[in-house]
Every structure is written in C-alpha cells, then in structure tokens.
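# What the coordinates show
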Amino acid sequence: MVKFSRFIGTVLVIIWSTAAMSLADDSEVVEWVGSQLEPISRIEPSTNTKDLAWLGEAIGDASIVAAGEATHGTREFFQLKHRLFQYLVQHKEFRVFALEAPFAKAFAINEYVKTGEGDPEQLVHDMGFWPWDTEEVVELVRWMRDYNATHDEKLTFVGFDTQSSSSSLLHVLAYMEGLNDSRSMELTKPFELFRKLLTGEQFENRSELVKQVNSPESLIAFTRHATDIYLFLSQNRDLLTEQTSPSEFRKAHGAALAAAWGLRMAYPDTWRFTGSDTVRSVRDHGMADMIKWMQGNVSENGKIYIWAHNAHVAKTRQKDIDITMGMILGEKHGDDYFNIGFVFNQGGFQALDPKATGQQKGKLVEFLVSGATEGYVGHLLAKTNVASFFLDLRKLPRGSEADHWFNVPRMLRWTGAVYSDELEAKHPPRHLTKSYDSLIFVDTTSRARPTQLSDRK
C-alpha cells in the first residue's frame, strides 16, 4: 500500500515569520554549498570506503560520532549510515556500534556478531522494533559478523534506548537471583509481582494487580528499587565480576541502569531527579547516560558510533521543554561529540499511518512525497543538482549569506514512527548550525525494505 502526501510548506512559512523564512534570492547560499559539499558517489555498503575520507577529516579526534536520520524508514539513510560505520571501523578504530534499541534486546545480536551463533534476520526481528526489522539493518549485522571473523579486534553491537526496558529488568533480576545471597534476594523481592506480570503469568485478579503495579506509589518505589540494584552492582563490581564473569556482570550492570531509566519514564513524579519536564526528556537523559556507561564499560578506547533519529542526536532542544541526548553529550564532550543530521528532498519512506483502521491499523505504509517546498532545507540543497553529499556546517564563513541562511531556523522533513501531513506540519523549524555539525543530503529516497519476518509489512 502506498500513501501519496505533500508537505504544507507555504502555510508554515507564514506562521514562522517572514524574517525567518525569507524567500529572498538564495543563489549565493547554493553557490557556497556547491563549493563545499563532498559528493557521495556510492550509497550501497562496500568494503572499499576510501571515497569517504572526508568523514575522517571532519570528525578529527572525536570519540563519539552520531548519525541521525530524517525518517525511521529510509533505505538510503540506513545504507549510508552502514557505510559511515565501515569507514570509522577501518580508518578511525571505532569498534562499538550503538543502536536506538532496547539494551537487553541487543544481547543476542551481539552474540551473533561475536560468535556467528544464530540467524541474523531472526535476531533483528526479535528486537521487537519495526524500524530496524529491515534488510538494511540485517546487512549491517552480517557485515559486523564477517568483520569479526577475520579480525582480532572485535566489533560490539549494543542497544542504548531506555524505553521498552522490561527485558533489561528481567535480565538483571535473573542475574541477581543467581547470586544466591541475602542482599541480592532482598533487593529483588519488591519486583516479585511485577516480574510475574511481565512474564505473562495469569492470575484471577490480574487486572487489579496491573493497576496496583502501575500506581504512582508503585512506579516511584520501583524506580528507587531498580536504582538500588544498580548501585549495589556498582559497589560490588570486583567481587561480582569474579563470582560470575566480566561479560555477565557487564550485561547485568548495564541492564540495571537501563531498567532504572525505563521505570523513571513511567511516572512524572520520578522525573524531578533529572529536572525533566517531559517523558521525551527523561528518555534522552537515559540514553545519554547509557552512552556514558558504554564508554566506560564496553568501548576499550572510548569510541562509539551512534545510530538514532535526527531528534535524538541534535545538540538543541526539540521543543522548548525537551532536552535531547545530543544536547547532553554535546555539552559534556564538546568537540569530542560529532553529529550528522540527515536531510532529503523527495521520495519514499515507511512509517505507521495514524489514520489507519481495521486490519490496516499497525501496518507499515510506504509514503511518497514530492519535492520539498520553498523554505525547507531539502528544497535549497536540491538546487545544487548533486544527488547526495556531505556538508560540514562548521565551515560556514561568518557574515556571509550562507552563514545567515543556515543560522536562521529552517524547516526539515521530519518523520519518526508515525507520519501524516498534519503531524509533519507541527514540527517547528530547526536551527541547523546549533543542532548539527554537518549534514548528509539525499535528493531522492526510497522505502526501507522490511524483512520476510516483519509482522508489520
């Protein structure tokens, strides 16, 4: 099923002020972009990445490189992000790939990447996140396995998302109970009922128990108990590592942190610990904390490649009240955090249709959009007549027309899990130079390809 749509750019131009969305001649801006862009001649993954040498120059010594995406369902974005990781592995000693996915759900994929055990298509499907249940992500996972099979320094696959963290909670509870000591049993006891509900155990009064578990008092208590488990593990690292194994401890330690953040997302009264005002801010706080944890516990040299949406990697707030992961990482790491925003002009992508009903509800839909209108970043970049390219925004000459254009908030095509014209129109303009160090532009995109196992095809 294909949905045809068109962005409502003209109305937004008026809404976001004539000054901000000036329709003045932009030839000087296009000329500057044309003189600075690095053409991308190949989108499909390839073991030869010498044509991406500009990436090495751009990131310098940055140890955290984050690649965004304008939609969660674009084939070309996924393929290019695969290529970027290949380059970083081959030329910049990056060994950790971090995906916007649940922490514990990534364990099985990492096992495959390290040992070859399992079916990568099934393992990617089992993560339970439809944006990644695609041929492009499976191809990346296969490449990581092939690389590990022929190299001594191994690649690691991790998930850093803190939503859908029940799998992380169940993992750390199992680890704690396996320790078989009084302190660990005391720490896990408050989760006895919660775990039974999570594992699908049936009770006569199940609906009442669900209400009890989801009460404000319970959610606040669960957050505190999960944090206590994380602190217990942190304080007994050496002892527990020896008692179990470095790998098992590391997985449990990270799972405890992910579970604590996931529970904190569940109820507003727990947000005050991070000074957050929305669940989105709590989630991004948690993801930034997971990246910090991974730098100290997973990556031997501190280098991590992040794959997430443009919204999460951006260095500015999504809205006045939201804090982004990229904003936290940027403030903490400065130039050591380098990010790339992805932009497109026209073409296809997949997403959920909020208007779908009946059997179509919850099914992925292919949306096709025509060329972006005046005022959109994709509209201007398309005027270069270069199909795909990289642009380093830090090279903007101060005081130039290009500097002025990119330093005024501009509209971006922006789609997460769900797409409609109405939702698209609600996205505010983005201040590009404050949000991203660089951009990757693709003029015409196509839908990411769901795997044969995808249950949302």
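You'll find the structure just up there.
The sections below set out a description of the structure shown in this document. Every value quoted in this text rests on a predicted model; they were computed, and no experiment measured them.

This part takes up the overall build of the protein. If you tally the helices and strands in the protein, you get 21 helices and 10 strands. A compact globule built from 457 residues would reach a C-alpha radius of gyration of about 23 Å, and the protein, at 23 Å, matches this within 12%. With respect to the principal axes defined by its C-alpha atoms, the protein has extents near 70 × 50 × 45 Å. Counting across all 457 residues of the protein, residues that qualify as buried make up 57%. For the protein, the computed accessible surface area is about 19,600 Å², with 49% contributed by carbon and sulfur atoms. Here the protein holds 50 positive side-chain charges and 60 negative ones, and the gap between their average locations is 2 Å.

The terminal C-alpha atoms of helix 7 (residues 135-150) lie 23 Å apart, and with 16 residues this matches the ideal 22 Å at 1.5 Å per residue to within 8%. Every buried residue belonging to helix 7 is among Glu-136, Val-137, Val-138, Leu-140, Val-141, Trp-143, Met-144, Arg-145, Tyr-147 and Asn-148, and all of these are buried.

Another point: the environment of Arg-317. With respect to the helices and strands, the residue Arg-317 is situated in the loop between helix 16 (310-313) and helix 17 (325-333). If near-sequence neighbours (up to four positions away) are discounted, Arg-317 is found in contact with Asp-322, Ile-323, Thr-324, Met-327 and Arg-430.

What the rule picks out here adds up to 25 aromatic pairs. Ring geometry for Phe-191 against Phe-194: centres 6.5 Å apart, planes inclined by 25 degrees, an arrangement best described as stacked. Just as Phe-191 is buried, Phe-194 falls in that class too. Ring-pair connections join several aromatic residues into one group, and the members of that group are Phe-78, Phe-85, Phe-97, Trp-132, Trp-143, Tyr-147, Phe-157, Tyr-305 and Trp-307. Residue placement shows Arg-264 over the ring face of Trp-261; its charged tip is 4.6 Å from the ring centre. The ring of Trp-405 is capped by Arg-410, whose NZ or CZ atom sits 4.1 Å from the centre of that ring.

Our focus in this paragraph is unusual backbone geometry. For Glu-93, which is not glycine, the phi torsion reads 60 degrees and is therefore positive. Within the secondary structure, Glu-93 is located in the loop between helix 4 (75-92) and strand 4 (96-102). Not every positive phi belongs to a glycine, and Asn-180 is a case in point at roughly 55 degrees. Among the secondary structure elements, Asn-180 is positioned in the loop between helix 8 (166-179) and helix 9 (182-188).

What follows deals with the environment of Lys-363. Relative to the helices and strands, Lys-363 is located in the loop between strand 7 (337-352) and strand 8 (364-369). Counting along the chain gives 54 residues from Lys-363 to His-309, while the straight-line C-alpha distance between them is 21 Å. Those residues in contact with Lys-363 that sit more than four places away from it in its chain are Ala-351, Leu-352, Asp-353, Asp-455 and Arg-456.

On to the packing of helix 14 (residues 246-264) against helix 15 (residues 279-297), then. Look at helix 14 against helix 15: their axes get within 9 Å of each other, and the N-to-C directions meet at 170 degrees. Judged by the inter-axis angle, helix 14 sits roughly antiparallel to helix 15. The hand of the helix 14/helix 15 crossing is right-handed. The residues of helix 15 that touch helix 14, namely those facing Arg-250, His-253, Gly-254, Leu-257, Ala-258, Trp-261 and Arg-264, are Val-282, His-285, Gly-286, Asp-289, Met-290, Trp-293 and Asn-297.

A few words on the pattern of salt bridges. In this structure the tally under the stated criterion is 16 salt bridges. Notably, a salt bridge pairs Glu-248 with Lys-251, separated by 3.3 Å at the nearest N-O pair. In this pair, Glu-248 and Lys-251 are both assigned in helix 14, 3 residues apart and thus about one turn of the helix distant. Given a relative accessible area of 32%, Glu-248 falls into the partly exposed group. On the accessibility criterion, Lys-251 (23% relative accessible area) is partly exposed. Among the ionic contacts, a cluster of salt bridges with common partners joins Glu-100, Asp-161 and Arg-283.

Roughly 890 Å³ of volume is contained in the largest pocket. Put simply, the parts of the chain that give the lining of the largest pocket at least two residues each are helix 6 (120-126), helix 15, helix 16 and helix 20 (421-426). In terms of residue class, the lining of the largest pocket is made up of 14 nonpolar, 12 polar and 11 charged. Counted as a void, the second largest pocket has a volume near 590 Å³. Forming the walls of the second largest pocket are 24 residues, and the residues nearest its centre are Asn-110, Lys-114, Thr-156, Arg-250 and Val-298.

Definitions and limits used
- Residues numbered from 1 in each chain as written.
- Predicted model: local features only at pLDDT ≥ 70, side-chain atom pairs only at ≥ 80, totals over all residues.
- Heavy atoms only, no water.
- Helix = DSSP H or I, 4+ residues; strand = E, 2+ residues; numbered from the N terminus.
- Rg over C-alpha atoms; globule rule 2.2 N^0.38 Å.
- Buried < 20%, exposed > 50% of the residue type's maximum accessible area, 1.4 Å probe, protein only.
- Areas by Shrake-Rupley, 256 points an atom, 1.4 Å probe, with all protein chains shown as cover.
- Lys, Arg positive; Asp, Glu negative; His and termini not counted.
- Charge placed at Lys NZ, Arg CZ, Asp CG, Glu CD.
- Expected span 1.5 Å × (residues − 1).
- Contact = heavy atoms within 4.5 Å.
- Phe/Tyr/Trp six-rings, centres within 6.5 Å; stacked < 30°, edge-to-face > 60°.
- Lys NZ or Arg CZ within 6 Å of the ring centre and 35° of its normal.
- Axes fitted to C-alpha atoms, helices over the stretch in contact; angles between N-to-C directions.
- Parallel < 35°, antiparallel > 145°, perpendicular 65-115°, else oblique.
- Left-handed = near helix turned anticlockwise from the far one by under 90°.
- Salt bridge = Lys/Arg side-chain N within 4 Å of Asp/Glu carboxyl O.
- 1 Å grid on protein atoms, 1.4 Å probe; cavity = no way out; pocket = protein on both sides within 12 Å on 5 of 7 lines; lining within 4 Å.
- Points joined across faces, edges and corners; volume = space filled by probe spheres on them.
- Nonpolar A, V, L, I, M, F, W, Y, C, P; charged D, E, K, R; others polar.

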